[in-house]
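In case you want the letters, here they are:
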Amino acid sequence: MKKRTHSLLRLSWIFLLLCGCNKEYFPKPVGYNRLILPKSEYWPSPDSLPYSFEYSKSALILPDTSGFSEPFWIELYYPALNANVHITYKQIENSDQLLKEFMNDAYTLAAKHQVKAYAIDEAIVKTPSGKTAVVVELQGEVPSQMQFTITDSTKHFLRGALYFNTQVNNDSLKPAIEYMKKDIMHMINTFGWR
């Protein structure tokens, strides 16, 4: 019985070696998860904010829970894409000094990505309602792919930044990044002060 088991094992090994040697191995390319992008449908932001915009029905408005958050700071959370648009709001109170300080802070926060960004494109956008926004698009393996500011220069200042809650790999996130950029531009184009 023992001899028979050893013979079967030897034959199995020989068979495996002969079959295994005939085929070449080709490594498979890295695959990415398939993203199913939400439909582009919008509804108005809550009246409790001093600003208004239309946002995606697939997003949730959550309070900013950071330790240094201020009133009217919110996060637009997109569960299907695991993305956030952080929105911060400040009152200027007719102070040129405050406006300059807030603009410098926004510029500094965008410039911090220069280490990993291979391109930073800044554009001034006029909305259909006559508002002016500064939109910054960052390309490369950066944590924030888009940032923007909107102000009326006298009373209100708002800054937004897009973040994905995942390891940075913009090749696999490209469809989601493009979707979010369109959504943010819709938000900017429907923006107003209350």
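A.B. asks: Report on the nonpolar core, specifying residues and quantitative values.
C.D. replies: With 33 residues, the main nonpolar core has Y51 and V85 as its most contacted residues. Those elements giving two or more residues to this core turn out to be β5 (74–78), β6 (83–91), β8 (132–140), β9 (146–151), β10 (156–164) and α3 (170–189). The greatest single-element share of this core, amounting to 8 residues, is contributed by α3. Counting residues in each nonpolar core, the second largest holds 6 residues, with A110, V134, V136 and L138 among its members.

A.B. asks: Break down the environment of P143 for me, with residues and values.
C.D. replies: Looking at where P143 falls in the secondary structure, it is placed in the loop between β8 and β9. For P143, a relative accessible area of 38% translates into the label partly exposed. Separated by 22 residues in sequence, P143 and N165 place their C-alpha atoms 9.0 Å apart.

A.B. asks: Before we move on, could you go through the packing of aromatic side chains and cite the residues and values that matter?
C.D. replies: Tallied over the entire structure, the rule returns 10 aromatic pairs. Ring geometry for F53 and Y55: centres 6.2 Å apart, planes at 70 degrees, overall edge-to-face. You'll find F53 and Y55 in the same group, each marked buried. With a centroid separation of 4.9 Å and an interplanar angle of 85 degrees, the aromatic rings of F191 and W193 are classed as edge-to-face. You'll find F191 and W193 in the same group, each marked buried. The structure contains a cluster of three or more aromatic residues connected by ring pairs, namely W43, Y51, F53, Y55, F72, Y89, F191 and W193.

A.B. asks: For the pattern of salt bridges, give the residues involved together with the corresponding values.
C.D. replies: One pass over the full model with this rule turns up 4 salt bridges. A salt bridge links E137 to K181; the nearest nitrogen and oxygen atoms lie 2.8 Å apart. With E137 in strand β8 and K181 in helix α3, this residue pair connects regions lying 44 residues apart in the sequence. Owing to a relative accessible area of 28%, E137 belongs among the partly exposed residues under this scheme. The partner of E178 in a salt bridge is K181, and the shortest N-O contact between them spans 4.0 Å. With E178 and K181 both in helix α3 and 3 residues apart, this pair spans about one turn of that helix. Residue classification places K181 among the buried residues on the basis of a relative accessible area of 10%. Salt bridges sharing common partners tie together E137, E178 and K181.

A.B. asks: Explain the sheet that holds β10 to me, using residue names and the numbers behind them.
C.D. replies: Taken together, the 7 strands give an open sheet; going across it, the order is β4-β5-β6-β10-β9-β8-β7, and neighbouring strands pair in antiparallel fashion. Edge positions in the sheet fall to β4 (60–63) and β7 (117–126), since each has one partner strand and no second. For this sheet, the mean angle separating the axes of adjacent strands, direction not counted, is 20 degrees. Across 9 bridges, the pairing between β6 and β10 is antiparallel. Following the sheet pairing, H86 is matched in β10 by A161. Along the sheet, α3 contacts β5, β6, β7, β8, β9 and β10; its crossing angle with β9, the most-contacted strand, is approximately 10 degrees.

A.B. asks: Outline the environment of I74, supporting the account with residue identities and numerical values.
C.D. replies: Mapped onto the elements of the fold, I74 is located in strand β5. The buried category is assigned to I74, whose relative accessible area is 6%. Here the alpha-carbon distance between I74 and Y89, two residues 15 residues apart in the chain, equals 8.7 Å. Setting aside anything within four residues of it in sequence, one finds I74 in contact with L49, Y51, F53, I61, L62, D64, V85, H86 and I87.

Cut-off values and rules
Residues numbered from 1 in each chain as written. Predicted model: local features only at pLDDT ≥ 70, side-chain atom pairs only at ≥ 80, totals over all residues. Heavy atoms only, no water. Core = buried A, V, L, I, M, F, W, Y, C linked by side-chain atoms within 4.5 Å. Buried < 20%, exposed > 50% of the residue type's maximum accessible area, 1.4 Å probe, protein only. Helix = DSSP H or I, 4+ residues; strand = E, 2+ residues; numbered from the N terminus. Phe/Tyr/Trp six-rings, centres within 6.5 Å; stacked < 30°, edge-to-face > 60°. Salt bridge = Lys/Arg side-chain N within 4 Å of Asp/Glu carboxyl O. Pairing = 2+ DSSP bridges. Axes fitted to C-alpha atoms, helices over the stretch in contact; angles between N-to-C directions. Contact = heavy atoms within 4.5 Å.

Worth remembering: the numbers are spatial, not functional.
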